[in-house]
Structures are given as structure tokens and as C-alpha cells.
Amino acid sequence: MVSDNASCCLDMKGDLASLTLQDGSSSLQGRSFGANLSASGEVVFNTGMVGYPEALTDPSYRGQILVLTYPLIGNYGVPDESVTDELGLPLYFESKDIHITGLIVSSYSWEHSHWTAQRSLGDWLTKNGVPGIYGVDTRALTKKLREYGSILGRIDVSPKDVPQSIPSDFFSDPNKRNLVAEVSIKQVTIYGQGNGTKIVAYDCGIKFNIIRYLVQTHKVEVAVVPFDYDLEANPNNLEWEGLFISNGPGDPTMCPQTIKSIKYALALDPPKPIFGICLGNQLLALAAGAKTYKLKYGNRGMNQPCIDLRTGRCYITPQNHGFAVDSKSLPSMWKPLFINANDSSNEGIIHTNKPFFSVQFHPEASGGPFDTAFLFTKFVGHVEKIPQPIVLQNENGYIRKTYKKVLVVGSGGLSIGQAGEFDYSGSQCIKALKEEGIEVILINPNIATVQTSQEKASYSQGADKVYFLPIKPDIVMDIIEKEKPDGIIVSMGGQTALNIGVQLWNSGKLQGAGVEVLGTQIPVIEATEDREIFSEKLKEINETIALSYSATTIEEAVTNANKIGYPVLVRAAFALGGLGSGFADNDQELKELAAKAFSCSSQILIDQDLRGWKELEYEVVRDCNDNCITVCNMENFDPLGIHTGDSIVVAPSQTLSNREYFMLRTTALKVVRHLGVVGECNIQYALHPESERYCIIEVNARLSRSSALASKATGYPLAYVATKLSLGKDLPSIRNSVTKTTTACFEPSLDYCVLKMPRWDLKKFQRVSNKLGSSMLSVGEVMAIGRTFEEVMQKACRMVNPALDGLEGRDSNLLPCEKITPLEEQMRKPTDTRLFAVQAALEDGWTVEKVHSVTKIDKWFLSKLKNIAEMRNTCKKSSLSELFKVNGHERMRSLKLAGFSDKQIGRYLGKHGFHGESQIRAIRKDLGVIPCVKQIDTLAAEFPAHTNYLYMTYAGDCSDVKETPQKCVSRKPLNKSASSVEFEKRVRVMSEQISEEKLKSFKERGVMVLGCGAYCIGSSVEFDWCAVSAVRQLRRDGIKSVIVNYNPETVSTDYDESDRLYFEELSLERTLDIYEKEGVGGIIVSVGGQIPNNIAGPLADSGAHILGTSARDIERAEDRRQFSDLLDKMGIDQPAWSVLTSKKEATEFADDVGFPVLVRPSFVLSGAAMRVASNESELKNFLDLAADVAADKPVVVTKFILGAKEIEFDAVANNGEILNYAIGEHLENAGVHSGDATVILPAQKLYVNTIRHVKKYASAIAKSLNITGPFNIQFMAKGNQVQVIECNLRASRTFPFVSKTLKHNFISLATRAMCKLPAKPYRISLLDIDYVCVKAPMFSFTRLRGADPSLGVEMSSTGEVACFGEDAYEAFLQALLAANFKLPTKNRTILISIASKEFRVEFASGACILKKLGYKLYGTPGTAEFYNEAYNLGVISLSKPLHEEDEGNDFGPSALKEIRDGKIDLLINISEGTTHSAEITSGYIMRRAAVDFDVSLVTNIKCADYLAECLNRG
């Protein structure tokens, strides 16, 4: 057992503390992390995400209790106060004192990490006698301040009960004091003595950075005088040529002495220039005769958009003030200079003919952006009598071209490095264009995407025409010639679309057709893609990239690498996701990498190695009027050296100081403006971890993967806004789509933390290294939102792998054997499991410092992981009764704040499985620990937001949205006879007529739709299409829709798609939380793939209402044993099968039916761990793998049928009756996973009797399982024998394919059926279909170094494409081209290597066709001999490679050498068997070389035959 002392890591640190507000509401409780004393003041909030040392020392906060809306505070500590600048001023602070009276934060970081840090924030507050409280719901407090205005408050540490009758002195009102007198200096101080130009600066609370700007930047002498210095009397006989009035706290009317002196200065003739900032703006206005007023809650933060009324330009400004100038009271000759773009309040005034002006914001920033620092230049220019340039509005604002028709180029099939994020971006783009009344033409062969749906609803308008064609320059030009668009958008389709745009522009074809490239222009794109041009561009503005050279030959690459010095990074130019890149430590490694890189690009880049530096990104938006903002900054958890797509990414950055954050932001704006980007782009940096040295890695002048992430992280729709900007609109004129009232020209403030974690599927591939580097390997990603770092880290782990309960090292079952790979080595080398190795080390007691020395991961991140490890260890040493006996509520809340799941806590305490999770859930709720719902509103609650974008957290006291709570009543699974179950089904069917009153209630309560989760091999964008289709149908039927998903790449997580969007886990716990909060009428689990399907049973057992097919029936289909039993009882034919009870029985079964056999685990997606075993040894190995994947679910072994045709049956049923169906035919024989197969629809070569059997079996299965909703059955047929392979009671990956081919949305129909609405079958007649559609797989073997690019029963493809044709051959060839297959036209050479005689005979007609067409045929010895002897084809023999360096012998070159030398256009390699061999065979070496050197590859005999016939038909 563990003592109470040992549980201290679960008890909150610090003394109890409270914040009492004057409004009479209940005191807010928290814990102290500052001085142990009471303090009173005016409670105000600041929405900045960095800069707390600067804010706390800002004299403008005098007398105020400051609430910081960003929840994670204290991360980078506090710098050394003794470090000063050249003027003797503290370098990192804005005054020499902390001016706030108290600090309120949500989460305080007891551990800090930064190279400048000398002490913690808590220690600094304590030293200066300032109390601080953490653990407060700062978002709820901000909303209260927003609603009621600034309120007086009082902080008490170790508080006694607040008296019922509050004494008059309980609260102190700082506004009744002359705060300026408190903060102003007492005697004149001269800075920059001896500088030529002399300025007097009134210190009303002057910030040190103002002095730095004037003295250090503009070289003036500044006499800083007290606020009450009599300028007319001038007792110090100061010489002055200009007057500056500083910022300061409080009411400006309490400074009559300052106003008197300003009036004197205003009356001078000739006039002397005057410039005021913040309070100085108000004082200048009062001196001129205007009035001021107190704002409701003031403007305090770093992202206030202010419009310059001279130019219309909008600037992002930092502010800190509670009063404002009344513009209507300005006397004649005075005009407003700036206005606030959000609330239209005055932000500056100017005299019409004298050099007097002032602004309400802080041009000097610190903290905040420096966008308006030019105002200092203007002021000093006036003083020095330098003629000021005439400032005019940009004419672009008045010259807006109109567009009638625009062509949008999509990204094609999903691949590693270019995935679903471009479906989201393209969909946003189409929506923005349709809002402008523009006809939209789309080319994109990815039939699974949402953007290729032609919706007509007002809230989800699709493209007017969609071309499912290969994205090739000539095809795009054919479309342009036919459609004659005004413009083309190439920035929304990834590198594919961008490269098309560049090629067509450089060829002059776009210009010749009169088509305008919208948004960023092609020369700008080329400047960012070409390393040499990019470097020269940066030199023009004194910015630098990492030392880098380009090369067009291997010899040049070696020379350049030696100039830089090894190690170096090798990258292919114009490539996506680091394709063709890697690190080289010597000449030999460089040559190998360069050879592969040149296969996909004519230019390669040799870069300086900066591994170990911090990697950061900024998303930047710029319009044609030069308004420029950064929407999101992101920091990589991993140091530089890992492709950002493979790194854990945090937004906003957690370890940057204000100086670093805004230094990089300023550079980003400078670079983007200089390049001339219009729309959106992202800039990546490397930042030295122990200095302010940085260099620019690259700029992506298009929407990228991180753009989708940034959009979802902030709520700012980047693709939508970028599209509007490409049409000539400016940022201020576009509305913030979340608040609906404020402008889009702003920088979002986050009051939460976001973490992106990649998803890999490397274990699906043999011989693939899991080492991470500069080339991206991940197939998907998740995004977690919360208010502590520990929370989002643990959430993300569960999201990325549903088998995980949270972040665990030892319990993750993901670590390699330490005897083979020691733990330290696992941490040192970045891999897909390094995070878990790091966690294991921390669980074992490694110090943060030791782990940092091995990994170079920032200590702040590691300290948070250490917290998780310590809390885990504490729980594991305890028991349920002991752990929560003392401080039960607080300890449970601490665990939940740190992201621990109920299931995780239960397992630690010996309560396992569903029942253990349910028990912990009940205890947690009894303790009053309930999650709350928070909104993502882009402005940290500063403005009211009509947003449905939500997440759940335990770091809060109340929800942002109205809840409709309902209780889930758990029920125990019942053991019933089959007859009683059937009777209940019949009764249920009879009583399913829904009354009008119930329907109205159901529509209002709504439906929860569970999304697909992370994209992975087997579950990709097709399931997002299904979820979006379901949601859109719910909206059409007037039913409230609530979607749950956590994939930032998806359209379903666009908050415009549903009535409520929860960016949350798809776990049992969180789904029940949302179900109970929302009070929905039911849950749809059948449109999101396997993840929602797998929790249907536990949801039902917990009392949730599952819509459509029942959870029990879903289990009967998913459980291999139950389903096989069902088929036997129904007399439906299936391959011989047996349930695994022991390896011995499995072996006996295999001996009985004969090898090969198929090993099939239950409840898995994409054939995970499914294998074909050809012998006993393979069978035993595969059984072990399947048992690991299936956990406690059955593993079935079936007879594998060779040479059978596979058939897809997709359908929608209602109460067991099929409404509509589609029968698709696989081109490849059974043995290739359906996700990797080429599918033909309508089926072309099925016997009538086969179709009859398929329909009969499907109908029987639908009845037996009482299916309501979508389902998929896979059959195989050999001759006229039809057998069932499996049945999925959910949407399959082919649903978008069949829906778009047949032009009827199957998911829409299924949704109506599941909601018990009238579901009328579509009228589909195959006789009326005069076309064929072929779906082809998209592979990413190029990135998966070492993977065998051959196909089997476990899925390998990362995406798909589909094309239409008059016949199957035309559609097949187009689909191949759309999947980036290259026809053998370069050398017209084809290498054939077929292992078995049977396959050689089958391909004989194909080989003869290729010979007849004039192709030069090569073959490996056996293949060449066969075709030469039997058919006299003159095939040239090449030796098989015996190893990976085999270039041949005296008799001639090897096949490997010819492939590497680029002499082969196409490799047809048909191996024996249906499973991957562990041996490195000659076939593997050739296949792998084809992929590495960009040679087209065919590995299936049916596809090879089809291809030959396609070529024959022309």
C-alpha cells in the first residue's frame, strides 16, 4: 500500500487560495504559487500567449489583478533581472518592478526550461510580494469580465470564510488612486546623451522598450521627465525638438499637470512634433479638447487589429488600456488616425495640418508584434524635418477583377506526404468560390473525397463539374480548352497541383489560353521551390537559410557536400514530404541518396545538418493590399532532424520567450511580403536551443499539411480565407467565420493547447526501417485539444492507437526487446516508438536531465512526461480504497487533468476491462469530477462567439454551451436463445413506426455521428466521406447533428459541416461523456470505419442507443467464429474454417484441408495481421502475430482458395431487407486485399449464376443479422461456386466509389433508414449505365525504404483513384495513370520476370501483344527462355541479381543494373505464392529497385494482362 505522503504527486501543490469578486458571486478556488498574502485590485484579462515577464512589469497594469487567458503559464521561467542593455535598462523587462497586484492562471508550470531563465515565475512573484493563483477556470472568468466589465477583486491565500457582510475596505479600487503618480519617475533622466535630435518623453508609466526604440534604433537623445513636469516653466532647461507622451495606467483625467504641459506644446508656433502612445493618446486628445471614456473591459492582448484610415491597411497591435478616446468629440482639425477593426473604437488621432498624432496601441510592443514600429520613424522624421512620404491607399482595393469560372486542381490519390488535408483544403476552396457565385470546375481522380461530391445544398455546395481524370499537364489543358475558365487555383492540391501549375506556366500554355493563376503567382512559387533563387531572395532582405547548395549531378553533389562538411541533408527539389531525402555521413552514403533523389527530381539540395535545433513553423496569410498576419505558430516536440510530418507538434509554441516568438514572427512577415505571396503559406525555422540564432529552412507557398492542422488548431479557416484573397479581396473585409462579427484580419488567441501526433503503419511492411528522418513516413495524424500539456499528450496517444490507454512506456507493449536494442539506443535514434522508450525511462526513474542529454528533447516537455510517469507509478503502488480515501476529489481531478483515462486508472488499481472502466467512471462521478465542454472561438473568449466547435476538458468549472443531460443506464449483456432473439427482432420491427411527436423530439435532441479517427492504411478519406454524407443527410432532414472526430485532415472536422463538432477521442469514455452532455437520440457507429464499430457493444452495454444494426448483431458479424457458425447454420458456402485453440489444432486443420491457409483475427481493419501461410512454420509465426493483434478476440484459420475471383457487395438494408446494392468485381484474383485490388463497376465478367448466388446469400445474411444501415460482404467465386469471405456491418471503403459511380448516395439512404425515416430505394438500372468505372489503388512504397512492393492479404495502399471510360480497358488505363503509373514510352523497354510456368502461359498473349507493339522486351533467364522457345519473341536475357549490389557478370549486366541505369521503363514481376517471404529474393531486389528508381511496376498477372490489352487498344 502507499502512504498519503507517497500520493503527494496527486495532491495539488501550494496553499489554498481564492479570488473573490465584488459582483457577489461565489469565490473562485485555486492554489497559490506566489507570495503568501492578500491583495486587491481591478480584475482584467490579457489574451497574449507569451510575454508574461513583460506584461507583469508593464506599468499600465498598476493596481490590477491580471488574468492570463492562455492556460499554460511559467513554461520558460523568468530571465535574469541583472542582465541589462547598452542603456543600463533590464534587457528582458519593461520596468524594474512588478506592477500587477495579483496573477490568475489556469495551469502553472512548476518546472521551467529556457536558456535565459534564472528563476521560476512563482519564485519571482514571491520575491516581489505578489500573490498568484492557479487552478482557476480562466475562460469562465474571462467570459464574466467580458459580460459584466472589469470587476474589483481580492486574492486571499489560505483564506478564511468571506464575511457575509463585506466591509467597505475589503476591495481596493485602484482607479481612485493617481496610478500615474505611483509609476512615474521622480526626476529627469537623460538617455542617449550626445545624440543630435532631442526629445522630451513624459513618463506616465513608460515602458523600457520605448526608450530603446528612440535611443538605440533612431539615435535620439531622450529626456524622460516625470508626469507632472512643467514643460512651459522647464525648470531643468531642457532643449527639445519633439514631445513624446508615454503609456501608463488608470484614468487619463487624473493627470491634469501632464495635460497642461501638452496644451502648452500644442500652442507653440512653429509647432513641435508630438507623438503619444496608449495613455498618451488619451492625454493628447484631452489636451486638444476631446473626451475620453472607460471601456467595458479594456483592450489587453497582442492581437488587436487596427485599421490605418489613411491607407486602409490593417495592423496587428499589442494593447493594454481601459480607457478610450471618443472620436465624436474630436475638435475641428483633428481626425481619427486608426480604428479598431473589431469594435470600431478609436485607436489613434492626428492633426490635419500639424505634426501631432498619437495611437492607442503599443508600436514598441514587448510583448507583442512590432508591425507598427514605423510610427517611431514617422515621429522622428517629423522632428528631424525629414519630408514624410505621401501615404495613399493601395489601388488594388478598387481594381477587383471578377471571375465567372475557375478550375481547381486537386491532389489526386492519397499518399504518404499528401493525404486527406488536401480534401479539406479543396473543399474549403470550393465553398469560398461558390459563395462568390463562381462556377467551379474540379479535376481530381480521388473518388473517395468529399470535394468530388457534387452537393447542391446551400451549406455544402460542391463543384459544378468534376473530372475524374489523371492530373497531368496535357489533360488539364484539355479541360481548359473545353471549359474555358477565367482562372486556375493550384495551391489547394499539394505538390501535385503546384507542379502542374509551374509546368503549364513555364510552357506558356496558361498564358496562351488566357487563364489567370489565382493567388500566389508562379514566379513566387518557383522562388520558394528553387533553393538557389530562394537563398538569393533572402539575402536581399538580410535573412539566411541553412548553408545549402543545389546540384544537378552526383559529382556536383559530392563537391557541395564537402564544402559544407558532413553530415549533410540530401533533398529532392520540387518534392513533397521530404520525398527522396535523407542524411549522409560520407561520400558513399551521399552518392546512394543522390541517385535515388535524382529519380524523382532533376535538382537536389545539399543542406547543412541542424539536427538538435528547435524546429518551428508559422502559418502566414497575406492579401493583395499587403495586410499580413500569422495565424498560428507551432513547435516540434522533437528537435530538428525529423520531418515535421513525422514529429509531434504543439500549438502554440510552449518554450519560446516573447522575444523569440515575435522575432520569428517579424521575420515571417518580412519574408512573405518580400516574396510576394498572396494567400496562405508556411515558413519553417531552425532555432538554436541556447541563443536567438535562427535560420530559415523553407517556405511553402501553398496550403500544406500544417495549414489544415493550423486551421483546426485555431478555428481560422486558412484555405477558405486564402481562396477569398486569391479573388482580390482583402483581409479586413472578410468576416471571422467563428465570431461572425469580427474581422478575419486578426491573429487567433488560443486559451487551450493543441498537440498533433503522427500515425505510422510501418509494421505492415517487412524490412522497412522504423527510423525517422527527413523523409516523411506517417500515413495520418491526430490532434488533441486540452488545457494542460499532459492532457493533450495522453489524449493524442489514445487517439493515434486505440489499443493504448494513454502515454505509457512499460505498459504500451510497443518497445523492442532491450536485449537487442538497449533503452538508451531506442531513445537516441528517432523512431516511431521513441516516445514510449522515453516514457519507459522516466517511469524507471531516469532524470529529465539524463533523458534530455540523450534525446535533445526540450526539458520542459520531458518534465511534463515525468509528471505522467510519477502519477502512474503512484497509482500502481496503491489500491482503489487507499488512493481516494483522502482528498478523493482532488486526486481524481489531478489524474484527469493529466489526461489519465478511466480505463487506465482502473488497470493501475487492478480493475481491468470494461467492468473496471465502468467502476472507475462511477466513482469519478460520485466524487464530482465531471468534464466540461469548452468552445474554440479564436479570440480566447474576448468576444462573444457563435461557435459549435467544441472540446472537453477537466480544467474548467463550467461548460460554454447549454447541455441537455441524460443518464446512461448500463445493462448487462443477456444470454438468450437464438429463437428468443429472433422473436424480439420481429416484435421490434413491428413497433418501429415513429410518431410525429417522437420524431420532433428526436430531431431536436439530435444524432451523434462517430467519425473515422486517424487516417491509416485501411481507414482513410473514404470513411470521412461517409461521415460527412451522414451529417449532411441529417441536416437535410432537420435533425441536429453532433459529430465526434479528432482527425485534423478531415472535412468532417470542419465546424461548418455539423450543428456541433466535438474534436475529441472516439473512446468509450469520451463518447459516453458527450452522449450524456448532449442528450442525443442515438449514435451512428457505422460510417466511421472500424474504430466506432468496435465500441458499439460497450456503448450499448452502457445504455447508449445505437442507431441502425444492433450492437449484438454487429458482434455476430465481426466475431469470426460467430459469423462462421452463422453461415454454417444458414447453409451458405464458405471456405473450410477452424477457430484457433492451439497451434497443434491449427496445424492439424491445415494438414487436413491442405496449405495454403489464411489466418484471420477478429475486429480488425485492413486485414491487420491477416496472412496466408504456405507451410507449418509460417502458420505458427502468423498465429502468434494474429493473437497479439486480436487480443481476446477469436482468431480463425480458413482454407485459402487459389485462383478465385473476389466480388464486392455494398448495400443498404432496412430491418433486414436490402434497399439498394452494388456488385463490384476485382480484377486481381483473391489473395490481394480488397483495399489493394482494382475494382470494376459495374462488374463486367461475372456469370449470371454467380450474380444470382451473391444476391441470394447477401439477402439471407441481411435478414439473419437484421441489418439496418450500410453493410459490405466480400465473396469469392471459382467457376460457379460462390463463397462468403466476410461481412462488415458498416460502411466500407468502396461506398463513395459505388455512390458516385451509380450517382446515388448510399450513405444518405442508410442514414434515413437508421433514423427510422422513410427510406425509399433508389431506382438504379445497370442497363441505363453506358460507362464503366475502375478504382485503382495508390501506393507509397517510394517512401517506405526496404518495403517489398508486392501485394497480399494485408492491405498496403495509402489511397485510391477512380476513372470512368466507355469500357473497362479505357477506365483501367486512366486509373493507372491517375495513380502515377508511367507508361513505357521513354525507352520503350519492358523487363518481364515471371516465376511460375502457369503464370508465364497466362501472360503469353500479353507478351506477344507487347512484342507486336514494338516494345523491346527483356527477361530474367527462365522467363526469357520460356518466351523465346515457345513464342520466338526475342526476349533479351538479363541475369537475376543475387544481392543488392549485383551488377552482372562477364556474360552481361544484371536486371538490377539496367533498372538502376534507367534503361528499363516497366518491370512486370510476378512472384510465386500469395504471402511475403522473409528472404531477400531476386524478385524483391528488382521490385525494390524499380520503386527506388521510379520505374513502373506491375506485380499481378491479371493487371499485367489487362495493361497489355489496354496498350494494344491504344
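Small disclaimer: the values here were computed from a predicted structure and weren't measured.

**Focus on the overall build of the chain**
Here's step 1: Along the chain, the regular secondary structure elements total 48 helices and 61 strands.
Here's step 2: For 1514 residues, the compact-globule estimate of 2.2 N^0.38 gives 36 Å, and the chain sits close to it at 34 Å.
Here's step 3: Expressed as a percentage of its 1514 residues, the buried residues of the chain come to 66%.
Here's step 4: Excluding contacts between residues fewer than 6 apart, the proportion of contacts in the chain whose partners are at least 24 apart in sequence is 73%.
Here's step 5: Per element, the accessible surface of the chain, about 52300 Å² overall, is 50% carbon and sulfur.

**Re the packing of helix α28 (residues 913-926) against helix α32 (residues 1068-1078)**
Here's step 1: Where α28 contacts α32, the axes come no closer than 11 Å and their chain directions differ by 45°. Here α28 lies oblique to α32, going by the angle between them. Where α28 crosses over α32, the two elements pack in a sense that is right-handed. On the side of α28, the interface is formed by Phe914, Glu917, Arg921, Arg924 and Lys925, while α32 contributes Leu1068, Glu1069, Leu1072, Asp1073 and Glu1076.
Here's step 2: Among the residues forming the contact of α28 with α32, the class breakdown is 3 nonpolar, no polar and 7 charged.

**Considering the pattern of salt bridges**
Here's step 1: Per the stated rule, a full pass over the model turns up 86 salt bridges.
Here's step 2: The shortest N-O distance in the salt bridge between Glu698 and Arg571 comes to 3.2 Å. Here the residue Glu698 occupies a position in strand β35 (residues 694-700), and Arg571 occupies one in strand β28 (residues 568-572), the gap between them amounting to 127 residues.
Here's step 3: Glu698 sits in the buried class, given a relative accessible area of 19%.
Here's step 4: Between Arg1460 and Glu1445 there is a salt bridge, and its shortest N-O distance comes to 3.8 Å. Of this pair, Arg1460 sits in helix α46 (residues 1455-1460) while Glu1445 sits in the loop between β57 (1436-1437) and β58 (1448-1449), and the two are 15 residues apart along the sequence.
Here's step 5: Among the residues examined, Arg1460 registers a relative accessible area of 30% and is labelled partly exposed.

**A look at the pairing of strand β23 (residues 439-443)**
Here's step 1: With 4 of 5 residues buried, β23 is to be regarded as a mostly interior element.
Here's step 2: Bridge analysis of strand β22 (residues 405-409) against β23 gives 5 bridges, and the strand direction is parallel. What sits directly across from Val406, in β23, is Val440.
Here's step 3: Each parallel crossover has a hand, and for β22 linked through helix α9 (residues 421-435) to β23 it is right-handed.
Here's step 4: Both β23 and strand β24 (residues 465-467) contribute to a ladder of 3 bridges, which runs parallel. Note on β24: the bridge partner recorded for Ile443 is Tyr467.

**What about the sheet that holds strand β54 (residues 1359-1365)?**
Strand pairing in a sheet relies on backbone hydrogen bonds. The paired strands run either parallel or antiparallel.
Here's step 1: Pairing is antiparallel across the open sheet formed by 7 strands, whose spatial order is β52-β51-β48-β49-β50-β53-β54. The strands lining the two open edges of the sheet, one partner per strand, are β52 (1281-1288) and β54. Adjacent strand axes in the sheet meet at a mean angle of 25°, parallel and antiparallel pairs treated alike.
Here's step 2: Note that strand β51 (residues 1269-1278) and β52 share 7 bridges and pair antiparallel. Bridge pairing links Met1276 to Gln1283 in β52.
Here's step 3: Across the sheet, helix α48 (residues 1501-1513) lies against β49 (1217-1229) and β50 (1239-1241), angled at about 85° from β49, the strand it touches most.

**A look at the environment of Gly48**
Here's step 1: Within the secondary structure, Gly48 is located in the loop between β3 (39-46) and α1 (52-56).
Here's step 2: For Gly48, a relative accessible area of 7% corresponds to the buried category.
Here's step 3: As for Gly48 and Val502, which are separated by 454 residues in sequence, their C-alpha atoms are 40 Å apart.
Here's step 4: Excluding anything up to four places from it in sequence, Gly48 contacts Tyr70, Gly301 and Met302.

**A word on helix α11 (residues 494-506)**
Here's step 1: Taking 1.5 Å per residue, 13 residues should reach 18 Å; α11 reaches 19 Å between its end C-alpha atoms and fits that length.
Here's step 2: Gly494, Gln495, Ala497, Leu498, Ile500, Gly501, Val502 and Leu504 are the residues of α11 that are buried.
Here's step 3: As for α11, its buried residues are in contact with β22, α9, α10 (473-483), α12 (509-513) and α13 (522-529).
Here's step 4: Just downstream of α11, Gly508 is the residue with a positive phi angle, here 80°.

**Observations regarding the nonpolar core**
Here's step 1: By size, the foremost hydrophobic cluster in this structure holds 307 residues, and its most contacted members are Leu56, Leu121, Phe789 and Met793.
Here's step 2: Element by element, the count of residues in this core is highest for helix α17 (residues 658-675), at 9 residues.
Here's step 3: Ranked by size, the runner-up nonpolar core spans 42 residues in total, among them Ile1240, Tyr1369, Ala1371 and Ala1508.

**Quick look at the side chain of Ser863**
Here's step 1: The residue Ser863 is located in helix α24 (residues 859-876) in this model.
Here's step 2: By relative accessible area, Ser863 is classed as buried at 5%.
Here's step 3: Discounting chain neighbours no more than four positions away, the residues touching Ser863 are Glu111 and Val848.

**Some remarks on α17**
At 3.6 residues per turn, the α-helix brings residues three or four places apart onto the same side.
Here's step 1: Here α17 is 18 residues long and its end C-alpha atoms lie 26 Å apart, about the 26 Å a rise of 1.5 Å per residue gives.
Here's step 2: By the criterion of burial, α17 is predominantly enclosed, with 13 of the 18 residues buried.
Here's step 3: Among the residues trailing α17, Gly676 stands out with phi positive, at a value near 90°.

**Description of the state of the cysteines**
Here's step 1: Enumeration over the complete set of coordinates arrives at 0 disulfides.
Here's step 2: No disulfide involves Cys632; its sulfur sits 11 Å from the nearest other cysteine sulfur, which is in Cys753.
Here's step 3: Left unpaired, Cys1363 is separated from the closest cysteine sulfur, that of Cys1333, by 7.4 Å.
Here's step 4: Taking the relative accessible area as the measure of exposure, Cys1363 reaches 0% and is therefore buried.

**Remarks on the packing of aromatic side chains**
The relation between two aromatic rings is expressed through the spacing of the ring centres and the mutual angle of the planes.
Here's step 1: Following the criterion strictly, the structure yields 44 aromatic pairs and no others.
Here's step 2: A centroid spacing of 5.7 Å and a plane angle of 85° characterise the contact between Phe275 and Phe376, whose relative ring orientation is edge-to-face. With a gap of 101 residues between them, Phe275 in strand β16 (residues 274-277) and Phe376 in helix α8 (residues 374-383) connect regions that are remote in the sequence. Per residue, the accessibility class of Phe275 equals that of Phe376, and both read buried.

**Quick word on the confidence of the model for the chain**
Here's step 1: Residues at a pLDDT of 70 or more form 95% of the chain, whose mean pLDDT is 91.
Here's step 2: Between residues 1-6, whose pLDDT stays under 50, and residues either more than four places distant or in other chains, the model counts 11 contacts.
Here's step 3: Here residues 973-993 is a poorly scored stretch, pLDDT under 50, and it has 16 contacts once near neighbours within four places are set aside; other chains count.

**Examining the sheet that holds β24**
Here's step 1: With respect to topology, 5 strands assemble into an open sheet ordered β24-β23-β22-β25-β26, the strand pairing being parallel. The sheet is open, and its two edges are formed by β24 and β26 (516-517), each paired on a single side.
Here's step 2: α10 rests against β22, β23, β24 and β25 (487-489) of the sheet, and its axis sits at about 155° to β23.

**A word on a negative patch on the surface**
Here's step 1: Together, Glu1145, Glu1148, Asp1151 and Asp1152 line one region of the surface with negative charge.
Here's step 2: Along the polypeptide, Glu1145 turns up in helix α37 (residues 1143-1153).

**Regarding the environment of Lys1411**
Here's step 1: Here Lys1411 lies in helix α44 (residues 1404-1412).
Here's step 2: Here the alpha-carbon distance between Lys1411 and Gln766, two residues 645 residues apart in the chain, equals 35 Å.
Here's step 3: If we skip the residues at most four places from it in the chain, Lys1411 touches Leu1417, Leu1433 and Gly1434.

**Quick word on the pairing of strand β11 (residues 151-157)**
Side-chain direction in a regular strand flips from residue to residue, so the side chains alternate between the two faces of the sheet.
Here's step 1: Where burial is concerned, most of β11 is hidden: 7 out of the 7 residues are buried.
Here's step 2: Burial along β11 is two-sided: Ile151, Gly153, Ile155 and Val157 and Leu152, Arg154 and Asp156, pointing in opposite directions, are all buried.
Here's step 3: Sheet analysis places strand β1 (residues 16-21) next to β11, joined by 5 bridges and oriented antiparallel. Within β11, the position partnered with Thr20 by the bridge is Arg154.
Here's step 4: Strand direction decides the pairing type here: β3 and β11, joined by 5 bridges, are antiparallel. Opposite Glu42, over in β11, you have Leu152 as the bridge partner.

What counts as what
Residues numbered from 1 in each chain as written. Predicted model: local features only at pLDDT ≥ 70, side-chain atom pairs only at ≥ 80, totals over all residues. Heavy atoms only, no water. Helix = DSSP H or I, 4+ residues; strand = E, 2+ residues; numbered from the N terminus. Rg over C-alpha atoms; globule rule 2.2 N^0.38 Å. Buried < 20%, exposed > 50% of the residue type's maximum accessible area, 1.4 Å probe, protein only. Contact = heavy atoms within 4.5 Å. Areas by Shrake-Rupley, 256 points an atom, 1.4 Å probe, with all protein chains shown as cover. Axes fitted to C-alpha atoms, helices over the stretch in contact; angles between N-to-C directions. Parallel < 35°, antiparallel > 145°, perpendicular 65-115°, else oblique. Left-handed = near helix turned anticlockwise from the far one by under 90°. Nonpolar A, V, L, I, M, F, W, Y, C, P; charged D, E, K, R; others polar. Salt bridge = Lys/Arg side-chain N within 4 Å of Asp/Glu carboxyl O. Pairing = 2+ DSSP bridges. Right-handed = clockwise from strand over helix to strand, strands pointing away. Expected span 1.5 Å × (residues − 1). Core = buried A, V, L, I, M, F, W, Y, C linked by side-chain atoms within 4.5 Å. Disulfide = S-S within 2.5 Å. Phe/Tyr/Trp six-rings, centres within 6.5 Å; stacked < 30°, edge-to-face > 60°. pLDDT = per-residue confidence, 0-100. Patch = residues over 30% accessible without salt bridge, like charges linked within 9 Å, V, L, I, M, F, W, Y side chains within 5 Å. Lys, Arg positive; Asp, Glu negative; His and termini not counted. Charge placed at Lys NZ, Arg CZ, Asp CG, Glu CD.

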